[in-house]
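Residue-level structure breakdown
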Amino acid sequence: MKDFEGLGVFYLGRLLDSAGAPTSEALLYDSRDLTTHAVCIGMTGSGKTGLCLSLLEEAALDGVPAIAIDPKGDLGNLLLAFPDLSPADFRPWIDEGEAARSGIPPEELASKTAETWKKGLAAWGEDGERIRRLREAADFTIYTPGSTAGLPVSVLDSFRPPSESGDSDALQEKITATASGLLSLLGLEADPVKSRETILLSTILKNSWSRGASLDLAGLIRQVQDPPFDSLGVMSVESFYPAKERRELSLALNGLLASPGFSAWLEGEPLDVGRLLHTAAGKPRVSIFSIAHLSDAERMFFVTLLLNEVIAWMRRQSGTSSLRAILYMDEIFGFFPPTANPSSKLPLLTLMKQARAFGLGVVLATQNPVDLDYKGLSNAGTWILGRLQAERDKARVLEGLEGASAAAGAAFDRSRMEATLAGLKSRIFLLNNVHDDRPVLFESRWCMSYLRGPLTRGQIQTLMAPRKTKTTEADEVPGPGKSAPAQEASPPGGPAAFAERALLPAGIKEVFLRLRVQASPGTRLVYRPALLGSARLHFTQVKPRLDMWQEAWLLADLKGGAEDIWNEARSLEGEPALDESPAAGASFDPLPEPAGKSKSYQDWKLSLVDALYRRRILTIFSSSRPADVSRLGETEGDFRTRLGMALREKRDQEVEALRQRHAAKLAVLQDRIRRAEQRVSVQQSQYDAQKVQTAISAGATILGALFGRKTFSAGGLGKATTTARGVGRAAREREDVGRAEESLEDLRQQLADLQAKVESEAEALRSGSEAASLPLEKVELHPRKGDIQPRDVLLVWTPWEIGPTGEMTPRF
């Protein structure tokens with residue numbers, strides 16, 4: 001195992017000395033430093049893309065998932081990682097135009113490219129085996145919103161109320177950003193104070209979301225035409241925004257909905273950030289959102305929605321000082337400007353200010369510093385700077401660096417920094433990390449992924465074709481907030497049997513499942529009768545120690561019989577949203593006779609206990625290291641994700657403890673070696689000096705991985721050894737030289753012993769930290785029958801939409 005592996009560090013390249021010459025010391029970036037965010041700035045040809053892809057590779061190897069927004073199409077290169085490094089792997093991806101310009105067959109260019117990549121990796125201590133570990137460490141997926149080239153994504157979930165609706169600030173932020181993003185798709189300015197469109201849409205969203213109700217675009221259009229409120233501020237709706245002008249807005253929204261291309265936005269996987277960061281099995285995922293094919297308005301719309309989903313997910317996480325995940329955005333131009341206020345700017349500012357507490361690192365990359373809001377970027381603790389295009393770019397970077405250093409309380413030498421920036425070449429970067437005591441120059445390492453350049457939609461389709469498998473939706477009715485496929489109408493007696501709502505005797509309580517999605521134009525709404533049973537269940541076990549209570553809700557169709565009513569009941573994931581009255585204009589299925597008798601509900605309540613005991617099985621997962629059991633509703637993948645975070649936090653704490661244990665001794669050794677070198681350097685030969693330098697720098701990489709540039713300066717040792725150039729020729733001095741060399745050799749041996757001790761302890765920290773390979777015990781429990789506490793059995797009416805041809809779709 002290479003010294004640059006493990007320990008929660010990212011291998012980004014090798015350090016350069018003050019003259020710009022490469023050293024033997026690897027640049028190892030502490031992953032925890034990324035929680036204070038990073039910016040990477042460099043013009044075309046600076047090597048910025050390769051460096052940022054290397055950072056994502058290192059994160060994946062360390063088990064850190066990422067969401068990467070890709071406006072240009074370069075990030076899909078992460079899927080072009082070939083462990084065998086064979087010409088056949090590279091052949092489909094080489095530029096045939098380049099082969100033609102070079103006058104060679106494509107096969108020959110593929111062979112040369114494979115050989116170039118193999119040699120390049122070897123020069124940086126990498127090989128095909130490391131690429132294989134990268135491929136196995138994480139799942140790499142390309143999503144293409146608004147297109148089916150990659151995996152499509154649905155934006156419908158973004159119009160559902162946020163789960164943290166109790167947080168008024170979070171709710172208002174999402175309302176503002178959602179309204180602004182939607183208006184940007186229409187090409188309209190979205191000023192939250194001056195724009196009537198923004199104010200109207202925001203009020204409609206707030207009115208629905210504060211009640212826990214969702215909206216689709218069709219429902220939003222109807223409410224624009226006929227708002228469910230009478231006033232906006234102190235003015236009537238009609239005075240503030242007349243109906244004639246509201247109609248123009250509704251027509252624009254309807255045109256968007258009717259557009260053939262917009263259907264692609266409504267298909268595919270939901271924007272579930274938890275699933276974007278980890279697979280169902282808990283494996284880290286790098287989710288790449290390729291948006292190069294979208295228009296500027298569509299990009300702004302989607303990025304705004306995605307950033308808001310990330311914020312909502314972030315606020316559901318526990319606090320941590322370790323790196324939990326990365327949000328990376330390539331080419332930030334237009335999304336985070338210093339003066340304008342596009343809809344993406346507010347969520348980006350929120351992330352830059354708040355994400356650190358939750359272990360979410362934000363990395364922003366751009367060619368031009370003028371693209372960045374420096375007030376927001378004062379929260380960025382790491383600046384990675386490549387070759388810049390103009391003097392004004394350097395001036396803007398220095399301004400931002402100075403602000404970031406001041407915010408972190410770090411020293412900043414403007415003149416020295418300016419001189420350093422002026423001499424940067426391709427793949428040479430300046431790293432200014434407020435967690436270190438000084439900026440450093442480094443050369444970026446060879447990227448493991450093949451840097452083919454921007455991928456076309458056809459190439460993305462080729463890469464993702466194996467992942468596109470047709471899935472069949474279950475026929476069962478989902479819990480509230482879940483989408484479901486259309487179902488054939490099957491009401492007793494057909495549509496003609498629809499009746500007025502039945503009158504019920506005293507003692508029978510009826511409720512209505514909340515209408516989550518408004519009925520579409522040309523359809524009708526019908527309520528069908530069902531039973532909603534609720535109870536409290538008790539699960540207990542000695543080993544693993546478990547004692548928990550769980551709420552249970554069963555939804556059972558009423559089909560006319562009273563026996564075994566719960567056998568085919570559907571389990572709901574949470575407490576359903578209920579209303580006291582139905583939606584206006586709805587019809588009702590006939591009520592089966594048993595449902596009109598009070599005694600039936602008493603019988604159904606008794607049978608509910610037996611049904612829950614037989615059917616309700618709690619599956620939990622138990623881990624012995626770290627000792628923990630899964631929570632209620634937590635899948636195996638989610639449990640492994642949580643264990644992985646706990647292991648990472650534990651590892652980071654142990655690494656910090658390792659630093660503390662050895663820092664003082666290391667400082668003493670450094671000082672003693674430096675003084676011993678000075679004694680030897682007067683008379684030491686050039687050959688002996690080279691041996692000293694080689695011996696002393698041998699421990700630099702592993703110690704640098706632990707102590708970084710905070711307490712360990714391998715560069716300082718190298719500088720000291722270069723002064724050993726004097727050649728002692730006088731015989732009378734040889735005895736002094738011998739004694740000095742003996743003293744230096746003793747110190748060298750102490751350093752070697754410390755190196756061995758630290759490496760042994762570090763190796764122990766490396767092993768056994770992969771959550772995906774942790775052994776888990778699966779335990780299935782029935783509830784204690786005597787502790788089941790039935791609460792209610794209610795008559796519940798479920799809303800269904802009937803289409804023109806009689807098909808029925810649940811709307812709850």
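The rules we used
Residues numbered from 1 in each chain as written. Predicted model: local features only at pLDDT ≥ 70, side-chain atom pairs only at ≥ 80, totals over all residues. Heavy atoms only, no water. Helix = DSSP H or I, 4+ residues; strand = E, 2+ residues; numbered from the N terminus. Buried < 20%, exposed > 50% of the residue type's maximum accessible area, 1.4 Å probe, protein only. Contact = heavy atoms within 4.5 Å. Areas by Shrake-Rupley, 256 points an atom, 1.4 Å probe, with all protein chains shown as cover. Arc of directions from axis to C-beta. Salt bridge = Lys/Arg side-chain N within 4 Å of Asp/Glu carboxyl O. Pairing = 2+ DSSP bridges. Axes fitted to C-alpha atoms, helices over the stretch in contact; angles between N-to-C directions. Expected span 1.5 Å × (residues − 1). Phe/Tyr/Trp six-rings, centres within 6.5 Å; stacked < 30°, edge-to-face > 60°. Core = buried A, V, L, I, M, F, W, Y, C linked by side-chain atoms within 4.5 Å. pLDDT = per-residue confidence, 0-100. Parallel < 35°, antiparallel > 145°, perpendicular 65-115°, else oblique. Left-handed = near helix turned anticlockwise from the far one by under 90°. Nonpolar A, V, L, I, M, F, W, Y, C, P; charged D, E, K, R; others polar.

This next bit is on the overall build of the protein. Assigned secondary structure in the protein consists of 23 helices and 27 strands. When burial is assessed residue by residue, the protein has 52% of its 812 residues classed as buried. Contacts spanning at least 24 positions in sequence make up 77% of the contacts within the protein whose residues lie at least 6 apart. As displayed, the protein offers around 36,000 Å² of accessible surface, 50% of which is attributable to carbon and sulfur atoms.

Among the residues of helix α17 (residues 457-464), Q459, I460, L463 and M464 are the ones counted as buried. Around the axis of α17, the buried residues are gathered within 125° of arc, so they sit on the same side. Tucked inside the fold, the buried residues of α17 contact β5 (139-143) and β10 (285-290).

To continue, consider the pattern of salt bridges. All told, the structure shown has 35 salt bridges when counted by the stated rule. Of the charged contacts, one joins R91 and E96 as a salt bridge, the two residues approaching to 3.2 Å between their closest N and O atoms. R91 sits in the partly exposed class, given a relative accessible area of 24%. Residues joined in a network through salt bridges with shared partners are E57, E58, E126, R130 and R445.

Before going further, it helps to examine the sheet that holds strand β25 (residues 776-781). Strand order in the open sheet formed by three strands is β24-β23-β25, with antiparallel pairing between adjacent strands. Looking at which strands have only one partner, the edges of the open sheet turn out to be β24 (627-629) and β25. Within this sheet the neighbouring strands show an average axis-to-axis angle of 20°, counted without direction. Bridge analysis of strand β23 (residues 618-624) against β24 gives three bridges, and the strand direction is antiparallel. Within β24, the position partnered with S624 by the bridge is A627.

With that settled, the discussion passes to the side chain of T144. Topologically, T144 is positioned in the loop between β5 and β6 (153-154). Filtering out sequence-adjacent residues up to four positions away, T144 remains in contact with A149, G150, L151, P152, S290, H293 and I460.

In space, the 11 strands of this open sheet follow the order β2-β1-β15-β14-β13-β3-β12-β11-β4-β10-β5, with mixed pairing throughout. The open sheet has two edge strands, β2 (22-30) and β5, and neither has a second partner. Between one strand and the next, the sheet's axes are offset by a mean angle of 25°, whatever the strand orientation. In the sheet, strand β4 (residues 66-70) pairs with β10 via five bridges, with the strands oriented parallel. Considered in β10, the bridge of A66 is made with V286. In this fold helix α13 (residues 345-354) packs onto β11 (325-329) and β12 (360-366), with an angle of close to 130° to the strand it touches most, β12.

Taking 1.5 Å of rise per residue, 14 residues should cover 20 Å, and helix α1 (residues 48-61) covers 20 Å from first to last C-alpha, within 8% of that figure. Where burial is concerned, most of α1 is hidden: 13 out of the 14 residues are buried. Note on α1: the residue one or two positions beyond its end, G63, has a positive phi of about 80°.

Bringing the packing of aromatic side chains into the picture now. As enumerated under the stated definition, the model contains 14 aromatic pairs in all. With centroids separated by 5.0 Å and ring planes inclined at 75°, the aromatic side chains of F82 and F90 adopt a geometry described as edge-to-face. Comparing F82 with F90 shows no difference in burial state: the two are buried. Each ring, one from W265 and one from F302, has its centre 6.3 Å from the other, and the planes form 50°; the classification is tilted. Taken together, the residues W265 in the loop between α10 (243-258) and β9 (269-270) and F302 in helix α12 (residues 296-314) connect sequence positions 37 residues apart.

Moving on, we get to the nonpolar core. By size, the foremost hydrophobic cluster in this structure holds 152 residues, and its most contacted members are I326, L351 and L364. The leading source of residues in this core is α12, at 11 residues. With near-sequence residues (within four places) excluded, I326 lies in contact with L34, L55, L56, A59, V64, P65, A66, I67, L360, G361 and V363.

A few words now on the environment of L754. The topology assignment puts L754 in helix α23 (residues 734-766). Judged by relative accessible area, L754 falls into the buried class, the value being 4%. With 85 residues separating them along the chain, L754 and L669 place their C-alpha atoms 9.7 Å apart.

Further remarks concern the pairing of β23. Across the seven residues of β23, five count as buried, placing the element largely inside the fold. Relative to β25, β23 runs antiparallel, the two sharing six bridges. Within the sheet, the bridge partner assigned to S622 lies in β25 and is E777. Hairpin geometry of β23 and β24 is characterised by an intervening segment of two residues between the two adjacent antiparallel strands.

Turning our eyes to something else, we now look at unusual backbone geometry. Glycine aside, the phi torsion of most residues is negative, and most peptide linkages are trans. In this structure, H37 takes a positive phi of about 75° despite not being glycine. Its relative accessible area of 1% is what places H37 among the buried residues.

Moving on: the side chain of R285. Residue position: R285 is located in strand β10. What R285 contacts, discounting residues up to four positions off in sequence, is P65, A66, D139, T141, Y143, R275, L276, L277, H278, T279 and R467.

Let us look at the pairing of β5. By the criterion of burial, β5 is predominantly enclosed, with five of the five residues buried. Burial of β5 is two-sided: the residues D139, T141 and Y143 facing one way and the residues F140 and I142 facing the other way are all buried. As judged from the five bridges shared by β5 and β10, these two strands associate in the parallel manner. What sits directly across from I142, in β10, is I288.

Before going further, it helps to spend a moment on the environment of D746. When you line up the elements, D746 lands in helix α23. The class for D746 is partly exposed, based on a relative accessible area of 42%. Between the C-alpha atom of D746 and that of I673, which follows or precedes it by 73 residues, the distance is 9.6 Å.

This part takes up the confidence of the model for the protein. Mean pLDDT over the protein: 81, with 83% of residues reaching 70 or higher. Segment residues 686-699: pLDDT under 50, and 18 contacts once partners within four positions in sequence are set aside and those in other chains are kept. Ignoring residues within four places in sequence, the model shows residues 711-732, a span with pLDDT below 50, making 44 contacts including any to other chains.

To continue, consider the packing of α12 against α13. Between α12 and α13, the least distance of the axes is 9 Å, while the angle of their chain directions is 30°. Taken together, the axes of α12 and α13 lie roughly parallel to each other. You can see that α12 and α13 cross each other, and the crossing is left-handed. Between α12 and α13, the residues in contact are L307, N308, V310, I311 and M314 and P347, L348, T350, L351 and Q354, respectively. Among the residues making up the contact of α12 with α13, the classes are represented as seven nonpolar, three polar and no charged.

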